[in-house]
Amino acid sequence: EDKVVQSPLSLVVHEGDTVTLNCSYEVTNFRSLLWYKQEKKAPTFLFMLTSSGIEKKSGRLSSILDKKELFSILNITATQTGDSAIYLCAVEKQGGSEKLVFGKGTKLTVNP
Amino acid sequence: NAGVTQTPKFQVLKTGQSMTLQCAQDMNHEYMSWYRQDPGMGLRLIHYSVGAGITDQGEVPNGYNVSRSTTEDFPLRLLSAAPSQTSVYFCASTSGGGGNQPQHFGDGTRLSIL
């Protein structure tokens, strides 16, 4: 059975802190791993990772994939209150269906 | 760009009623999917489509029907609503096909079954 596990499930930090969110997976026919940010409505796309060891960056956010150990991390430096959200990790399967298997998400709260 | 549009945004139904959640995208994406999101459960795939006329079941398909008569539209039907179907429903689309394109999500429909 396909499985995506995120940790921690919940995290409370102060503005300016650096956080690391974890995602491990056991999925057959792996194609890519995606990170999404969900505030009040739709999940919005952050990163798509397909190759091990190549860091993707966007401002204060960065992410990397380890296909040997089957995990990914999402780092957020100098956190701001606007980073408060649920961060979702999903694995896309090969096979032409574009199906995503999601983890349960990490709820990040950044306090001023 | 409208992207992925879902209607309605909110709906309250009584047990046994039927309804259709609408999803439309204007990006000419071949791949469309429906997910439900429940507290503590993440998003789970209900049904998906790889093109007009082609649909298949996901992880939690029971109680739901779909059809894909056009590329743009992918409605989700609840035939006889049950309280266990109270959830937030998201529609997503992607051009897919191995082109490393992420799925884009609509804003969701919050559905309550009494």
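Enquirer: What is the right way to read the state of the cysteines from this model?
Expert: By definition, a disulfide links the sulfur atoms of two cysteines through a covalent bond. A complete count under the given rule lists two disulfides over all chains for this structure. Here C23 of chain A engages in a disulfide with C89 of chain A; their sulfurs sit 1.9 Å apart. Disulfide C23 of chain A to C89 of chain A: torsion about the S-S bond roughly -70°, handedness left-handed. Here C23 of chain A is found in strand β3 (residues 19-26), whereas its partner C89 of chain A is found in strand β9 (residues 85-93), with 66 residues between them in sequence. Just as C23 of chain A is buried, C89 of chain A falls in that class too. The partner cysteine of C23 of chain B in its disulfide is C91 of chain B, sulfur to sulfur 1.9 Å. Taking the sign of the S-S torsion, -75° for the link of C23 of chain B and C91 of chain B, the bridge is left-handed. Remark: C91 of chain B occurs in strand β9 (residues 87-94) and C23 of chain B occurs in strand β3 (residues 19-25); sequence separation between them is 68 residues. Each member of the pair C23 of chain B and C91 of chain B is classed as buried.

Enquirer: Can you help me understand the interface of chain A and chain B in this one?
Expert: Interfaces are often described in size by the accessible area the parts lose on coming together. Opposite the 19 residues of chain A that make contact, chain B presents 22 residues. Linking chain A with chain B are zero salt bridges, by the criterion used here. The interface formed by chain A and chain B includes three residue pairs in polar contact (both at pLDDT 80 or more). If you list the elements that add at least two residues to the side of chain A that touches chain B, you get β4 (30-38), β5 (44-49) and β10 (100-102) of chain A.

Enquirer: Quick question: what am I supposed to make of unusual backbone geometry here?
Expert: Excluding glycine, residues mostly carry a negative phi; peptide bonds, for their part, are mostly trans. Geometrically, the link from S7 of chain A to P8 of chain A is a cis peptide bond, its omega value of -10° lying close to zero. Mapped onto the elements, P8 of chain A comes out in the loop between β1 (3-7) and β2 (10-14). A cis amide bond links T7 of chain B to the next residue, P8 of chain B, at an omega of -5°. Relative to the elements of secondary structure, P8 of chain B occurs in the loop between β1 (4-7) and β2 (10-13). Despite not being glycine, L70 of chain A shows a phi value in the positive range, around 60°. With respect to the secondary-structure elements, L70 of chain A resides in the loop between β7 (61-66) and β8 (71-76). Looking at L70 of chain A, the relative accessible area reads 33%, which means it is partly exposed. Although it is not a glycine, A78 of chain A sits at a positive phi angle of roughly 45°. Following the sequence through the fold, A78 of chain A ends up in the loop between β8 and β9.

So, how was this worked out
Residues numbered from 1 in each chain as written. Chains lettered and ligands numbered in written order. Predicted model: local features only at pLDDT ≥ 70, side-chain atom pairs only at ≥ 80, totals over all residues. Heavy atoms only, no water. Disulfide = S-S within 2.5 Å. Helix = DSSP H or I, 4+ residues; strand = E, 2+ residues; numbered from the N terminus. Buried < 20%, exposed > 50% of the residue type's maximum accessible area, 1.4 Å probe, protein only. Contact = heavy atoms within 4.5 Å. Salt bridge = Lys/Arg side-chain N within 4 Å of Asp/Glu carboxyl O. Polar contact = N/O pair within 3.5 Å; in protein donor to acceptor, adjacent residues only side chain to side chain.

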